[in-house]
Amino acid sequence: MGLLVFAFLTSLVGLAASQSLVLVGGGLTDGNADVWNKVIELAGGPGVARIGVFTTASSDPIGAAAYYVDMFVNTYGAASATYIPVTENSNNADDQSVVELVRQQTGFFFGGGDQLRILTALRPDGRDTLVLAALKDMLKSGAVVGGTSAGTACQRAAVMIISGSSWNALTYGAFSGGPKPLNPDYLTYDENGGLGLLTGWVTDTHFSERGREGRLIRLLQDTRDRNIGTTRVFGVDEDMALVVTDLYTRPVGTVIGSSGGVFFADVSKTIVVPSPNTFYTGVSAHYLTQDDWIDLTTGNITFATWKSALKGNEYYLNAEVSTDILSATMNRRWAVAADQFFDNRRDDSIAHLSFERNPRYEVIFDRLSGAGYGGYFPNNANKFAVSYENLQVAIHENTIA
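Residues numbered from 1 in each chain as written. Predicted model: local features only at pLDDT ≥ 70, side-chain atom pairs only at ≥ 80, totals over all residues. Heavy atoms only, no water.

Chemist: I'd like to hear about the side chain of Ser-327, residue by residue, with values.
Modeler: Topologically, Ser-327 is positioned in the loop between β18 (308-309) and α10 (333-342). Overall, the relative accessible area of 4% leaves Ser-327 in the buried class. At 3.2 Å, the side chain of Ser-327 forms a polar contact with the backbone nitrogen of Thr-329. Setting aside residues no more than four positions away along its own chain, Ser-327 makes contact with Arg-210, Gly-211 and Arg-333. (Helix = DSSP H or I, 4+ residues; strand = E, 2+ residues; numbered from the N terminus. Buried < 20%, exposed > 50% of the residue type's maximum accessible area, 1.4 Å probe, protein only. Polar contact = N/O pair within 3.5 Å; in protein donor to acceptor, adjacent residues only side chain to side chain. Contact = heavy atoms within 4.5 Å.)

Chemist: Lay out helix α9 (residues 213-223) with the relevant residues and their values.
Modeler: Counting buried residues along α9, 10 of its 11 residues qualify, which places the element largely inside the surrounding structure. Of all the positions in α9, only Glu-213, Gly-214, Arg-215, Leu-216, Ile-217, Arg-218, Leu-219, Leu-220, Gln-221 and Thr-223 are classed as buried.

Chemist: Tell me about the sheet that holds strand β7 (residues 174-176), and please be specific about residues and values.
Modeler: The sheet built from 3 strands is open, its strands ordered β6-β8-β7 with mixed pairing. The outermost strands of the open sheet, each flanked by one partner alone, are β6 (160-163) and β7. When strand polarity is set aside, the average angle formed by the axes of neighbouring strands in this sheet is 40°. Bridge count between β7 and strand β8 (residues 187-190): 3 bridges; the pairing is parallel. When the bridges of β8 are listed, Phe-175 appears paired with Thr-188. With respect to the sheet, helix α5 (residues 115-122) is in contact with β6 and β8, its orientation differing from that of β6 by roughly 130°. Contacts from α9 reach β6, β7 and β8 within the one sheet, and its direction differs from that of β8 by about 55°. (Pairing = 2+ DSSP bridges. Axes fitted to C-alpha atoms, helices over the stretch in contact; angles between N-to-C directions.)

Here it is as structure tokens:
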């Protein structure tokens, strides 16, 4: 009977979607209909979608689950939303009853909190539990898996970030083996990786808001040669999502949301200069905003049709220098500086500085091989979005300022 039910549900899921992820950068607001509706759409649509809710990352999983159930069913019209009762202490991720509950859903959503709780529960010591195996089966059969904050950070197969600020990452490097309570700003990661739903990319969240560009670049460089290392990464801003479709054939990521964007970086051509601290050149970075999309296999980018090239139509005369480019507390310093840089007429290169000293870092932006695109949102003629590709970044210690 269980196999017959699974076969029926698999066929239903296959009609609803095509092996999709909805990766939210945290801070998902109740009114962000674009994101909530996308999860439901890819799970079969209003009145059809059955969402399995994992609040494993939360310190209050039952309370968090009640919130998501209410949002999916009562606000956005899913047929049902069901709490999947797996926590870091439940010891039930190999129970057949929970596996069957997973197989009854057409989509899933992971709430925020601490991603280590998710790994402890669903992938202890790098072993896929039966619940995780069932989740992967459903995804391959056409289900959608969404997540926000920790629920996005855990989805990748590559090394999983646990903590760290950009300045500390650039200064001290990346540490494996879990968090360091005495040094919470150190860059740490789990060498066993995440749940393994997305391959070839490291993911990060709360991205521009917490100035995490530097830490991602350092993590890639320090872990690229590990068994599950990679040279590519993306970081999702708060209340934004990257929607990945055709995950197992030709994955494409499309940006939805209007509050920010998604940052991509590639260190495959980065040159590391011998130095006591970080000294990198040749980091390639991109920033995509609403309706832009990227081929996650080739890296080719397509900008939204409502955006046009900024070159020749720039708003600013010169680029502005940031003296706090790595800030983890001054909202979106790197993102704003890069947007303004591509929207200036005169400067093709500019050097920013970190506020922190000993060492103080210089971050150089170069746009000679890049391109910026911009446009007013179709539903908001007063709001302008800037996207760009192939920003070349160099980071090194400043010995003068």
